Amino acid sequence: MSDETAERAVISADQQRLHELGYAQELRRHMSGFSNFAVSFTIISILSGCLTLYGTGMTDGGPVIIVWGWPFVGIMTLFVGLAMAEVCSSFPTAGGLYYWSAKLAPRNPAAWSWFTGWFNFLGQVAVTAGIDFGAAFFLNALLDLEWNFSTTQHWHTIVLFAAILVLHSVLNQFGVRLVAALNNVSVWWHIIGVLIIVGVLAFAPSHHQSASYVFTHFANGSGWGSKIYVLMLGLLLAQYTFTGYDASAHMTEETRDAATAGPRGIVTSIIVSLFAGWLLLIGITFAIQNYSGEVGATVPPAQIFIDAIGGTGAKLLLLIVIVAQLFCGMSSVTANSRMIYAFSRDGAVPAVTSIAVIGLYVAYVLPTFLRLRLGSNFQRGPWHLGRWSKPIGIIACIWVVFITVLFMLPTYNPITWDNFNYTVIAVVAVIGFAGIYWLVSARKWFTGPRVQGSAEEMAAIEAELDSLA
């Protein structure tokens, strides 16, 4: 069988499975398994998340939590990802999490789907905003170094933030092939970029911190007296970075061999990010020159680069980081749009924004919880965990409950209106909005994922789309 014939057979099998799940093939399957992995790896973006919150790590625990918090959170995230991947293999649709909840819930599937979808949607929107705002901060730092475009003028950052959002919207208008190609480039940009940054910081500075400092030094700028509490707060650096890998699920309707490629994309993106991100954090921490000065900078990693290798070298490293962040934001918009498309297809979306980490992880774990409740009644896809499914699912649920509580707790002492952790208000707002909307209106008309019609009706939809292509 020729490669083209084999590819058609795979697409046909994917299309047949999508029909079984109730949807017509409205999106083009132009993504390979590598491209599916690339979109999640790009959204995790170690050059975005690690550096955007590096200053948080310096304040909440210092080098010891920056270096050791990363592998710990990465391993716990892998449990969440493995549990999600198993469900993704059974239900490879763009809706992802909210669709899974509807199919796994033994009772009230529409309600489970509704709340999962809203947490996922709100987390996706917030994470996209966080990524592009971080890119704006770093771009502002680079422009300040080159043309004195001051970082102290907040409107500068807002203008850059708006421009980046517009750029990513425009890029996503040109179809999945361009996005897939850019994501493929992004993988190598991230990996080579990490190697360049770590290599430069290893050989260029005249001074490095000692190994004992990098792996054991504790720092506390939060004002809290409890060392354990401060160290737990520092886990946000890693947990914020390890988000967005549900993108592989949202892109399954555009991926060939989706029931296998989607789960592999989720798991592989976490594993590669775990190792590459750890190397990056260790390299930057060794290069710290003036901790007290750098922790107070507007963009701490930029100041570390400047102090370690000078202004010219710092500009080069910042450019590498900024391009990676732009790749990350583009992919986040891509995944966000697919989730919104699917949720809209099932009639559930007006518009609202809110939280990131908690919103996403609550959505991540609800299908896992429901899958655990099903036990042996769960119909596995071709990619599954076998006898490890239950223990991995339990660990994933416990971890998400832990971080949900942790990241709603106060981060600074004394607590003021300026440093108050408003996440708890956002979470209550999300639950309140979705709950009231459900009780007052949605429960009367939202029935969960919709079936688009009979096999003949779905074929007609696909034929009409083909005629427009």
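These numbers were taken from a predicted model, which means no experiment stands behind them.

Novice: Would you explain the nonpolar core in this entry?
Specialist: Proteins that are soluble and globular tend to have nonpolar side chains buried together. Core analysis: the biggest nonpolar cluster contains 118 residues, and L47, V80, W100, I197, Y245 and F305 have the highest contact counts within it. Among the elements that line this core, the one with the most residues is helix α16 (residues 300–345), at 14 residues. With sequence-adjacent residues up to four places away left out, I197 is seen in contact with L47, L280, F305, L317, I320 and V321. Of all hydrophobic cores here, the second largest spans 6 residues; its members include A135, A136, L143 and F161.

Novice: What's the story with a nonpolar patch on the surface in this structure? I'm lost.
Specialist: Residues I415, W417, F420, Y422, V424, I425 and V428 make up a contiguous nonpolar surface patch of roughly 700 Å² in combined accessible area. The topology assignment puts V428 in helix α19 (residues 423–440).

Novice: How should I be thinking about the pattern of salt bridges in this particular structure?
Specialist: The final tally for this structure, using the stated rule, is 3 salt bridges. In this structure, the salt-bridge partner of K315 is E146, at a minimum N-O distance of 2.8 Å. Here K315, found in helix α16, pairs with E146, found in helix α7 (residues 109–147); they are 169 residues apart in sequence, far enough to count as distant. K315 gets classed as partly exposed once you look at its relative accessible area, which sits at 24%. Given a relative accessible area of 38%, E146 falls into the partly exposed group.

Novice: Please explain α19 as it appears in this structure.
Specialist: Taking 1.5 Å of rise per residue, the 18 residues of α19 would be expected to cover 26 Å, and the 25 Å separating its terminal C-alpha atoms lies within 8% of that figure. Residues of α19 that are buried: A426, V427, V430, A434, G435 and W438. Looking straight down α19, one finds its buried side chains confined to an arc of 155°; they lie on one side. Relative to its buried face, α19 has exposed residues pointing more than 90 degrees away, namely V428, I436, L439 and V440.

Novice: What exactly am I supposed to notice about the packing of aromatic side chains here?
Specialist: In this description, a pair of aromatic rings is defined by centroid distance and the angle of the planes. Enumeration according to the criterion identifies 28 aromatic pairs in this entry. An aromatic cluster is present here, built from W114, W118, F433, Y437, W438, W445 and F446 joined pairwise through their rings.

Novice: Teacher, can you tell me more about empty space enclosed by the protein here?
Specialist: Unfilled space is identified by rolling a water-sized probe across the atoms. Enumeration according to the criterion identifies 1 cavity of 30 Å³ or more in this entry. As a volume, the largest cavity reaches approximately 60 Å³. I43, I44, S45, S48, G49, V127, I131, Y240, T241, T243 and C328 are the residues that line the largest cavity. Counting only elements with at least two residues in the lining of the largest cavity, the list comes to α2 (33–44), α3 (46–52), α7 and α12 (236–241).

Novice: It is not clear to me how the side chain of T243 should be interpreted in this structure. Could you clarify?
Specialist: Position of T243 relative to the elements: it lies in the loop between α12 and α13 (247–250). Accessibility expressed as a relative area gives 3% for T243, which makes it buried. A distance of 2.8 Å separates the side chain of T243 from the backbone oxygen of Y240, its partner in a polar contact.

Novice: What's the story with the side chain of D246 in this structure? I'm lost.
Specialist: Following the sequence through the fold, D246 ends up in the loop between α12 and α13. Side-chain polar atoms of D246 contact the side chain of H250, separated by 2.9 Å. The contacts of D246, once residues within four sequence positions are left out, are M84, L97, N120, Q124 and Y364.

Novice: So what exactly am I meant to see when it comes to the environment of V321 here?
Specialist: When you line up the elements, V321 lands in helix α16. For V321, a relative accessible area of 0% corresponds to the buried category.

Novice: Which parts of the structure should I look at to understand the packing of helix α5 (residues 63–90) against helix α14 (residues 258–286)?
Specialist: When two helices pack together, you describe them by how their axes are tilted relative to each other and by the distance separating the axes. Contact geometry of α5 with α14 gives a least axis separation of 9 Å together with a crossing angle of 175°. One element, α5, and the other, α14, form an angle in the roughly antiparallel class. Classifying every residue of the contact of α5 with α14 gives 21 nonpolar, 8 polar and no charged.

Novice: How should the packing of α5 against helix α6 (residues 97–104) be read in this particular structure?
Specialist: Contact pair α5 / α6: the axes reach a minimum separation of 10 Å and the direction vectors enclose 75°. Between α5 and α6, the angle is such that the two are roughly perpendicular. Where α5 abuts α6, its residues M84, V87 and C88 lie against L97, W100 and L104. Taken together, the residues of the contact of α5 with α6 break down into 6 nonpolar, no polar and no charged.

Novice: Just to check I follow, could you spell out the confidence of the model for the protein for this structure?
Specialist: Close inspection of predicted coordinates is inappropriate for parts of the model with low pLDDT. Looking at the protein as a whole, the pLDDT averages 86, with 91% of positions reaching at least 70. At the level of individual helices and strands, the protein shows its lowest average pLDDT in helix α20 (residues 455–468), which scores 70, and its highest in helix α10 (residues 211–216), which scores 97.

Novice: How should the environment of T128 be read in this particular structure?
Specialist: Following the sequence through the fold, T128 ends up in helix α7. Owing to a relative accessible area of 7%, T128 belongs among the buried residues under this scheme. The spacing of T128 and E20 is 108 residues in sequence and 32 Å in space, taken between C-alpha atoms. Apart from the residues lying within four places of it in its own chain, the contact partners of T128 are S332, V333 and N336. Among the polar contacts made by the side chain of T128, one reaches the side chain of S332 at a distance of 2.7 Å.

Reading guide: rules and limits
Residues numbered from 1 in each chain as written. Predicted model: local features only at pLDDT ≥ 70, side-chain atom pairs only at ≥ 80, totals over all residues. Heavy atoms only, no water. Core = buried A, V, L, I, M, F, W, Y, C linked by side-chain atoms within 4.5 Å. Buried < 20%, exposed > 50% of the residue type's maximum accessible area, 1.4 Å probe, protein only. Helix = DSSP H or I, 4+ residues; strand = E, 2+ residues; numbered from the N terminus. Contact = heavy atoms within 4.5 Å. Patch = residues over 30% accessible without salt bridge, like charges linked within 9 Å, V, L, I, M, F, W, Y side chains within 5 Å. Areas by Shrake-Rupley, 256 points an atom, 1.4 Å probe, with all protein chains shown as cover. Salt bridge = Lys/Arg side-chain N within 4 Å of Asp/Glu carboxyl O. Expected span 1.5 Å × (residues − 1). Arc of directions from axis to C-beta. Phe/Tyr/Trp six-rings, centres within 6.5 Å; stacked < 30°, edge-to-face > 60°. 1 Å grid on protein atoms, 1.4 Å probe; cavity = no way out; pocket = protein on both sides within 12 Å on 5 of 7 lines; lining within 4 Å. Points joined across faces, edges and corners; volume = space filled by probe spheres on them. Polar contact = N/O pair within 3.5 Å; in protein donor to acceptor, adjacent residues only side chain to side chain. Axes fitted to C-alpha atoms, helices over the stretch in contact; angles between N-to-C directions. Parallel < 35°, antiparallel > 145°, perpendicular 65-115°, else oblique. Nonpolar A, V, L, I, M, F, W, Y, C, P; charged D, E, K, R; others polar. pLDDT = per-residue confidence, 0-100.

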